[in-house]
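Overview (structure and organization)
In case you want the letters, here they are:
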Amino acid sequence: MQSIREAFGQQLIEEAKKDNKIVCLSIDLAGPTKTQKFKNEFPDRFIECGISEANAIGIASGLSEYGFYPFVCSFGSFLSGRYDQIRCSLAYSGAKAVLIGTHPGLAIGRDGVTQMGLEDVNVLRALPSINIYNPGTPNETKDIIQYLCKNKQLAYVRIGRQEAEEFFTRSEQIDFVKKAFSGYKKDPKYKEIVIYTTGCMLKNSMELAKLLFEKTDREVHIYHVSRLKPFRPCNTIGSRSIVLTIEDHSTIGGLATAMCEYLVESKITVESFYPFGIDRIWPEGGKPEDLYQKYGLSIESMFQSVMKLLENR
Amino acid sequence: MTANQIRLIALDMIMSKGSGHIGSSFSIAEIVSYLYEHFDLINKDKLILSKGHAVPAIYAALNILGIIPDEELTTFREVNSRLQGHPCHKLIPELHATTGSLGQGLSIAIGHAIASKMEKSDRKIFCIVGDGEMQEGQIWEAIQLTPTLGLNNLVCIIDNNGYQNDGPIINERIYNPYIYDGFGWFAREIMNGNDSIVIEHGFQIHDSRPTMLILHTRKNAGMEFLGEKNWHGSLPTEEEYKQIKEKLSAKH
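First, a word on scope: everything that follows refers to the structure included in this document. (Residues numbered from 1 in each chain as written. Chains lettered and ligands numbered in written order. Predicted model: local features only at pLDDT ≥ 70, side-chain atom pairs only at ≥ 80, totals over all residues. Heavy atoms only, no water.)

As for the packing of helix α1 (residues 3-17) of chain B against helix α4 (residues 55-64) of chain B
All names here are of chain B. As a packed pair, α1 and α4 sit with axes 8 Å apart at the nearest point and diverge in direction by 115 degrees. Along this stretch, α1 crosses α4, giving a crossing that reads as right-handed. Contacts between α1 and α4 involve Q5, I6, I9, A10, M13 and I14 from the first element and P56, A57, Y59, A60, A61, N63 and I64 from the second. In the contact of α1 with α4, the residues fall into eleven nonpolar, two polar and no charged. (Axes fitted to C-alpha atoms, helices over the stretch in contact; angles between N-to-C directions. Helix = DSSP H or I, 4+ residues; strand = E, 2+ residues; numbered from the N terminus. Left-handed = near helix turned anticlockwise from the far one by under 90°. Contact = heavy atoms within 4.5 Å. Nonpolar A, V, L, I, M, F, W, Y, C, P; charged D, E, K, R; others polar.)

Given below as structure tokens:
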């Protein structure tokens, strides 16, 4: 299985072969961000900035003035941590560049909290001029990188470190909300469970969906969101359904918040809404599987939470 | 164009709205007029005003060059205006970067310098940084990287006017050229940065290293008769305003 970051690194090279204005700004993390191969292939278009994220962001701004399309690559936590530089030098300046924020969520595991992108979407969401992406599979990642090179813009892309199962085929026509699974039942007694997931939580969310379909009397539909801003869900959330959002990110300011905004603006009254994510708590470092279990994002812990939710209804 | 021409226009602009940074704009009047006179800052070379609050000096220069018409000067800091309180590149392309949050301009200048190398252009990139602004960490990120990348087309000018918002500068050690020399820059001090002739003689761009020009200036340059004062964001009285205008027009 390929990882999201490997897919990114691979597609960046493909795009750079076609467009010689694509450049890569490295912040001493070429290995972890999988841009080492880009450096080997295009040494004149790989700029090592050293450990200076704010500086790299400013350099991207200057480069964009000349039609260069910079990919600034570092951990999502460190990049989004330079909010003022992203705000003033990129977004407000009208610059076009792609911020690649790797290692989102708990997945880095043992290195711990300071290396995890847990509030990165929240930090950037309010900025006008920036779009936010969160692909969940290698093919989706390649599609999005290809799309961003065809439609140049200021974008922040969460790029997961872990290997990811493929659920989608490559497509030029990109769907930022994809239906991943639908389980129908004959004469269901209750309203359906609708799951919206994003990024690397896709696999766990799919397994959860199938388990819920199997173990409850409800229909289950799951959608994968690869663009969090702007966010437009499929128009299939009926009133009185149970809506779950699942993300490897704080429950504040990411998919959960975007979904709540949508439900209220569309005047959809759901039966229950439950956001899965890092819920107003500092997690910790450890083996990733243990972290997902402890912080409620493993298949098993999510299943238990939903069953409790259905009981208490 | 002359420095006092720049001061007159900047002063009127700021006084008409009762809002703006006179001292910060006055201290760079000579270097700004020098740069516009000796380089092609409209069609080729670039000037990044990292200390963006001094933008009235640039608006003045662009007005003298006919890029900003006289009528537009009165829209400074008004709603619906191109003349924002800090430079907005989207609105006026001749402002080469959007700045205002201190510490960010030198990094943007590096981007310009790298792009110029990649395009094999011989354009020069100038960046004016405030002495107080040198307290921002990002400036030092940029200072470290510039010589490493061999950006001899980048000239950084520190406007040492000795004051920051809350009083005299608290970090005089940044005036030491050996610091920048240690990082790989060619560093040079110009002891009287408000004397055009001194600038003329002292201005130098090194051929192989990036250049750091430490310009010793005064915020009250052009209005010395008012005495030494922190003219960062404060404005003269109506009476003082009249007197300053008289003095500047006389020297003109």
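A look at the layout of surface pockets
Taken as a whole, the largest pocket holds about 380 Å³ of empty space. Of all the secondary structure elements, the ones that give two or more residues to the lining of the largest pocket are α8 (202-215) and α10 (288-294) of chain A. What lines the second largest pocket is a set of 18 residues, and nearest its centre among them are H53, L102, E133, Q164 and H232 of chain B. Of the residues assigned to the lining of the second largest pocket, the class counts are two nonpolar, eleven polar and five charged. (1 Å grid on protein atoms, 1.4 Å probe; cavity = no way out; pocket = protein on both sides within 12 Å on 5 of 7 lines; lining within 4 Å. Points joined across faces, edges and corners; volume = space filled by probe spheres on them.)

Thoughts on the interface of chain B and chain A
In this assembly, 25 residues from chain B lie in contact with 27 residues from chain A. Roughly 2000 Å² of surface becomes buried between chain B and chain A when both sides are summed, with 58% attributable to carbon and sulfur atoms. Contact with chain A buries area across many residues of chain B, yet Q104, M118 and E141 of chain B alone supply 25% of it, more than any other trio. Where chain B packs against chain A, one counts zero salt bridges. For the side of chain B that touches chain A, the elements supplying multiple residues, two or more each, are α6 (105-118) and α7 (137-148) of chain B. Top element by residues in the side of chain B that touches chain A is α6 of chain B. It accounts for nine residues. Residue composition of the side of chain B that touches chain A, grouped by class: ten nonpolar, ten polar and five charged. (Buried area = accessible area lost by both parts, 1.4 Å probe. Salt bridge = Lys/Arg side-chain N within 4 Å of Asp/Glu carboxyl O.)

Some points on the nonpolar core
Counting 72 residues, the largest nonpolar core has Y196 and I237 of chain A together with Y180 of chain B as its most contacted members. Here the element with the most residues in this core is α6 of chain B; it accounts for seven residues. (Core = buried A, V, L, I, M, F, W, Y, C linked by side-chain atoms within 4.5 Å. Buried < 20%, exposed > 50% of the residue type's maximum accessible area, 1.4 Å probe, protein only.)

Re the environment of G117 of chain A
All names here are of chain A. Mapped onto the secondary structure, G117 falls in the loop between β4 (98-102) and α6 (120-125). Each C-alpha atom, one on G117 and one on E6, is 18 Å from the other, the two residues being 111 residues apart in sequence. Dropping the residues within four chain positions of it, G117 is found in contact with S77, H103, P104, G105, R158 and D248.

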